[in-house]
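Each chain, written out:
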Protein chains: 2
Amino acid sequence: MYRKAAVRAAPADSGSMSGVTTDLDPTRVDRGTESEPPLSRRRERTRERLLDAAYGLFAEHGINGTSIEAVCEAAGFTRGAFYSNFDSKDELFLALTEREIRTRMRSLEVAVEHLPDDPVRDGVIAPDTIAAIVAAVMADPRDERRWCLMNAELELLALRDPQVAVRFAEQEESFRDELADLLTRVLTQVGMRFAIDPVAATRVLISAYTGAARDAFLGPAGEDAVLRAQSTDWLPALVGRLVEPDPAAA
Amino acid sequence: MYRKAAVRAAPADSGSMSGVTTDLDPTRVDRGTESEPPLSRRRERTRERLLDAAYGLFAEHGINGTSIEAVCEAAGFTRGAFYSNFDSKDELFLALTEREIRTRMRSLEVAVEHLPDDPVRDGVIAPDTIAAIVAAVMADPRDERRWCLMNAELELLALRDPQVAVRFAEQEESFRDELADLLTRVLTQVGMRFAIDPVAATRVLISAYTGAARDAFLGPAGEDAVLRAQSTDWLPALVGRLVEPDPAAA
DNA sequence: TGTATCCGATGCGCGAACGTATCGGATACA
DNA sequence: TGTATCCGATACGTTCGCGCATCGGATACA
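Quick summary incoming for the structure in this document.

1. Details of the nonpolar core
Grouped together as the largest cluster of nonpolar side chains are 144 residues, with contacts concentrated most on A:Leu205, A:Leu238, A:Leu242, B:Leu205 and B:Leu238. Apart from the residues within four sequence positions on either side, A:Leu242 is in contact with A:Arg193, A:Phe194, A:Ala195, A:Ile196, A:Ala201, A:Val204, A:Leu205, B:Leu238 and B:Arg241.

2. Regarding helix H7 (residues 162–189) of chain B
All names here are of chain B. The terminal C-alpha atoms of H7, which comprises 28 residues, lie 40 Å apart, in line with the 40 Å expected from a rise of 1.5 Å per residue. Looking only at H7, the buried set comprises Val164, Ala165, Phe168, Gln171, Phe175, Arg176, Leu179, Ala180, Leu182, Leu183, Val186 and Leu187. Where H7 starts, the residue carrying a side-chain oxygen 2.8 Å from the main-chain nitrogen of Gln163 turns out to be Asp161. One or two positions beyond H7, positive phi appears at Gly191, with a value near 70°.

3. A look at the pattern of salt bridges
Residues and elements named next belong to chain B. Within the structure shown, the criterion is met by 24 salt bridges over all chains. For the salt bridge of Asp52 with Arg99, the shortest nitrogen-to-oxygen distance reads 2.8 Å. Here Asp52, found in helix H1 (residues 41–61), pairs with Arg99, found in helix H4 (residues 89–114); they are 47 residues apart in sequence, far enough to count as distant. Taking relative accessible area as the criterion, Arg99 reaches 16% and is therefore assigned buried.

4. Here we look at the relation of the copies chain A and chain B
Laying chain A over chain B is done by rotating through 180° and shifting 0.0 Å along the axis; what remains is an RMSD of 0.1 Å. On the angle and the small slide along the axis, the relation comes out as a two-fold axis. An overlap of 100% is found between the interface residues of chain A and their copies at the interface of chain B, pointing to a shared contact surface.

5. Digging into empty space enclosed by the protein
By the definition in use, this model includes 5 cavities of 30 Å³ or more. Considering only enclosed or pocket space, the largest cavity measures out at about 1,200 Å³ in volume. In terms of lining, the largest cavity is formed by 50 residues, of which the most central are A:Glu155, A:Thr210, A:Arg214, B:Thr210 and B:Arg214. Taken together, the elements giving at least two residues each to the lining of the largest cavity come down to helix H4 (89–114), helix H6 (144–160), helix H7 (162–189) and helix H8 (198–218) of chain A together with H4, helix H6 (144–160), H7 and helix H8 (198–218) of chain B. By residue number, the principal contributor to the lining of the largest cavity is H8(B), which donates 11 residues. Per-class residue counts for the lining of the largest cavity are 24 nonpolar, 10 polar and 16 charged.

6. Comments concerning the packing of aromatic side chains
Inspection of every chain in the model, using the stated rule, returns 6 aromatic pairs over all chains. Between the aromatic rings of B:Phe58 and B:Phe93, the centroid separation amounts to 5.7 Å while the plane-to-plane angle is 70°, which identifies the pairing as edge-to-face. Of the two residues, B:Phe58 is situated in helix H1 and B:Phe93 in helix H4; the sequence distance between them amounts to 35 residues. With respect to burial, B:Phe58 and B:Phe93 carry one shared label: buried. Through successive ring pairs, a cluster of aromatic residues spans A:Phe82, A:Tyr83 and A:Phe86. The ring of A:Trp147 carries the charged tip of A:Arg104 above its face, separated from the ring centre by 4.1 Å. Here the guanidinium or amino end of B:Arg146 rests over the ring plane of B:Tyr55, the centre of that ring lying 5.9 Å away.

Scoring rules and cut-offs
- Residues numbered from 1 in each chain as written.
- Chains lettered and ligands numbered in written order.
- Predicted model: local features only at pLDDT ≥ 70, side-chain atom pairs only at ≥ 80, totals over all residues.
- Heavy atoms only, no water.
- Core = buried A, V, L, I, M, F, W, Y, C linked by side-chain atoms within 4.5 Å.
- Buried < 20%, exposed > 50% of the residue type's maximum accessible area, 1.4 Å probe, protein only.
- Contact = heavy atoms within 4.5 Å.
- Helix = DSSP H or I, 4+ residues; strand = E, 2+ residues; numbered from the N terminus.
- Expected span 1.5 Å × (residues − 1).
- Polar contact = N/O pair within 3.5 Å; in protein donor to acceptor, adjacent residues only side chain to side chain.
- Salt bridge = Lys/Arg side-chain N within 4 Å of Asp/Glu carboxyl O.
- Least-squares fit on C-alpha atoms with pLDDT ≥ 70 in both.
- 1 Å grid on protein atoms, 1.4 Å probe; cavity = no way out; pocket = protein on both sides within 12 Å on 5 of 7 lines; lining within 4 Å.
- Points joined across faces, edges and corners; volume = space filled by probe spheres on them.
- Nonpolar A, V, L, I, M, F, W, Y, C, P; charged D, E, K, R; others polar.
- Phe/Tyr/Trp six-rings, centres within 6.5 Å; stacked < 30°, edge-to-face > 60°.
- Lys NZ or Arg CZ within 6 Å of the ring centre and 35° of its normal.

Structure (structure tokens):
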């Protein structure tokens, strides 16, 4: 259990550090209705730094291939800091993926709000638009390769551990549903609709995009953009087959 | 280097290594034009047993999560046997995946030869037929869950190591091409064709099937069949969108 | 059946990583 | 300014897995 009640053996020093005044308490990160005691500033920053470091290392070497010590070193801490903040490597990983997925979901919500402002009027261009949206939403703006690896790692973990499987499945489902909504809305705006169940179609698109991204990253690094462009090339064609004119359109 | 030239600390015997008169010549598994010295019977069986054991363990706990010792124990050997047969865990894993992929390819070839005997005459039924073929070919007849996990593990490895990436990409490509051929042939028989590039369409189908299988295995074990059936449900619909009547058909 | 030659078993030392128990400095509040 | 509290650093002992060097039993041929 991290954050154990500090039962200390009262040292003799008592050196008082006038220190740099406040930094902590008043600025508690009050998280509305979070159950656990709110984290102090300091604490939250070290957590963040540990998570950042873990992101790179987990992506590059896998969960099992990364030692806790390596994470701490990369973050500029020692193991003591880690065990003070997390119970185990697994918990660290889950916290990390949750943070990343939250980011992803937020970008999707942003897309929902902002994209409809640009109504595409030509039905023919719809497939490319849809493909572009899928690509834009799926792609981690900052670091797609890492995201791809982390996701694969998470999938693997979920496939083995029923506990994380349910969480993973829920996340995927809500993401998928939201994306399906967005795409349906965009299609409606251009007088089209999915020719099959929208969620199923979204599922297909996600699978296709993910697979294409993976293939792209299998090639030599550096040509990522090029390869991905090529691989992504056939996505519009696929979208073209998944949509059809909406008879209910004006 | 496994199989090192037995440079034993030349004991007092000084028995002149009478040339390398080979020990198990007659039973050599002569593999036509394989480069390396053919393996003896005994050796090949222990290799096989090690691979079998590794299959289960790698699938369940991952490559990094599995110790060489665990593999040896599961196979009924000790580490000595392992190091006599393989250089490293990675090499073991690659040998394993190659064996499995060879199996998969063989089943695909069998499908190529045997399926055309059953010409489906009704065009409407084609989608289900295609979906069934995809499912039949993709599925490991014996142990689909394990295959799913192993494949994910292999992907991850390929994403990180350019060396295995090229091998992986080649394997995937040849598999995909062959499957595309098969599907195209079947479609032709029923007077249909892919509406988009056949290879692209096959790519989509593989992605979709793989994704569906993964989702199925995320649910509680035991209901595999049920869940998979549900998940697979929308595959025919997808196929229906990917094919169209062939104008060149009689 | 004898025997040279593999092949896998066994034993050992080493290093990495883990988890805990404890310490010292920094922080917030009186 | 004094002081209680928290947080991260440090220092252990332990366990695990690795890889090598060596040995004994099995195997195929003469």
